[in-house]
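# Observations on the three-dimensional arrangement
Residue-level listing of the chains:
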Amino acid sequence: MDWNIPSNCNKLYIDVGLSSEAIQSQSWLEQDPNIFVLGFEPSFEARGKIFMEYRSDHRWLKRECFPRIRVEECALSNPEKETSMTFYRPGIDVGCSSLLKPRPNSDGVSPQFNGVKEAYQVRVVSLKEYFNKHDWLIEKFKRIEYIKIDAQGSDLNIIKGGLDLIKEKVVWITAEGDGGYYKEDHIEEKDRCSADNIRALMKEIGFIERDHPNTTDPTFYNPKWVDFESVFINQY
């Protein structure tokens, strides 16, 4: 499959949940001209803004970086096979959109997100299924230097949907716990996207949690890739 990846690119980074700014992706791309970013962003609204001609914030994706990023129009989770799910766009920032419905208060409105502005169906795949269909990516890049996940309550499921890939091919990974903003009452406690559950799973598959100066959410290193421990990672 030809994605027109620049010939100099030999490092693969994955950005799950770019929102409309792609700030993380831009920080990686401007750091190293050999990085290629694979992004996943299910919001049509956010995708429409990522590649705008004019950007008011210097941190947002720059035009000269466009050839080194590909954004897939789907969400990641842990389905057995590709499916569609409801995606909730809250009344505030599109970056808070989620496969989980915002948790309401006693009045039935989510105070953090000003309710739900829109809900629509999006395509959902697992990391396992995606890379089974795009196995040439691993053949080309050999490993994935860094995965940043900020999927508003789906981070744990995304990890579960790609465990074998993550154990064998990922050097660093950052994932965010839900924080109690989304409805998880229908989900067993052990399967909820809490920081503790993320930590327990990453430890189980052999990763080591690191207090990294460039990240704020739980961040983990795979000792299997000791020669690549110092690769650049960054999360805003």
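It should be noted that the structure appears before, not after, this text.
Residues numbered from 1 in each chain as written. Predicted model: local features only at pLDDT ≥ 70, side-chain atom pairs only at ≥ 80, totals over all residues. Heavy atoms only, no water.

### Regarding the overall build of the protein chain
Each helix and strand in the protein chain was counted, giving 7 helices and 10 strands. In terms of C-alpha radius of gyration, the protein chain reaches 17 Å, essentially the compact-globule figure of 18 Å for 236 residues. The principal-axis extent of the C-alpha atoms belonging to the protein chain is close to 55 × 45 × 35 Å. Residues counted as buried form 54% of the 236 residues belonging to the protein chain. If you take every contact in the protein chain between residues at least 6 apart in sequence, the share linking residues at least 24 apart comes to 72%. As displayed, the protein chain has an accessible area near 11400 Å², and 46% of this comes from carbon and sulfur atoms. With 31 positive and 39 negative side-chain charges, the protein chain shows a separation of 2 Å between the mean positions of the two kinds. (Helix = DSSP H or I, 4+ residues; strand = E, 2+ residues; numbered from the N terminus. Rg over C-alpha atoms; globule rule 2.2 N^0.38 Å. Buried < 20%, exposed > 50% of the residue type's maximum accessible area, 1.4 Å probe, protein only. Contact = heavy atoms within 4.5 Å. Areas by Shrake-Rupley, 256 points an atom, 1.4 Å probe, with all protein chains shown as cover. Lys, Arg positive; Asp, Glu negative; His and termini not counted. Charge placed at Lys NZ, Arg CZ, Asp CG, Glu CD.)

### Observations concerning the side chain of Q26
Summarising the element assignment, Q26 is placed in helix α1 (residues 23–31). Apart from residues no more than four positions distant in its own chain, Q26 is found in contact with R59, W60, L61, K62 and C65.

### With respect to the environment of Y182
You can see Y182 is positioned in the loop between β8 (170–175) and α7 (195–204). The exposure class of Y182 is buried, given its relative accessible area of 1%. Setting aside residues no more than four positions away along its own chain, Y182 makes contact with C96, S98, L100, K101, P102, R103, F113 and Q152. Polar side-chain contacts of Y182 include one of 2.8 Å to the backbone oxygen of C96. (Polar contact = N/O pair within 3.5 Å; in protein donor to acceptor, adjacent residues only side chain to side chain.)

### Considering the layout of surface pockets
Taken as a whole, the largest pocket spans an internal volume of roughly 410 Å³. Considering the residues around the largest pocket, the lining is formed by 30 residues, among which G17, L18, S19, G95 and D150 are closest to the centre. Only α1 and β4 (75–76) provide two or more residues apiece to the lining of the largest pocket. A breakdown of the residues in the lining of the largest pocket according to their chemical character gives 16 nonpolar, 9 polar and 5 charged. (1 Å grid on protein atoms, 1.4 Å probe; cavity = no way out; pocket = protein on both sides within 12 Å on 5 of 7 lines; lining within 4 Å. Points joined across faces, edges and corners; volume = space filled by probe spheres on them. Nonpolar A, V, L, I, M, F, W, Y, C, P; charged D, E, K, R; others polar.)

### A short note on the environment of L99
Looking at the element boundaries, L99 is found in the loop between β5 (83–90) and β6 (116–125). Separated by 60 residues in the primary sequence, L99 and G39 place their C-alpha atoms 17 Å from one another. In contact with L99, other than residues within four places in its own chain, are A75, L76, S77, M85, T86, F87, Y88, V122, V124 and S154.

### Quick notes on unusual backbone geometry
Negative phi values dominate among residues other than glycine, just as trans dominates among peptide bonds. With a phi angle near 55°, N4 is a residue other than glycine that sits in the positive phi range. Using a relative accessible area of 59% as the deciding quantity, one classes N4 as exposed. Here the phi dihedral of A22 falls at roughly 55°; this positive angle occurs in a residue that is not glycine. Summarising the element assignment, A22 is placed in the loop between β1 (11–16) and α1. Assessed through its relative accessible area of 0%, A22 is described here as buried.

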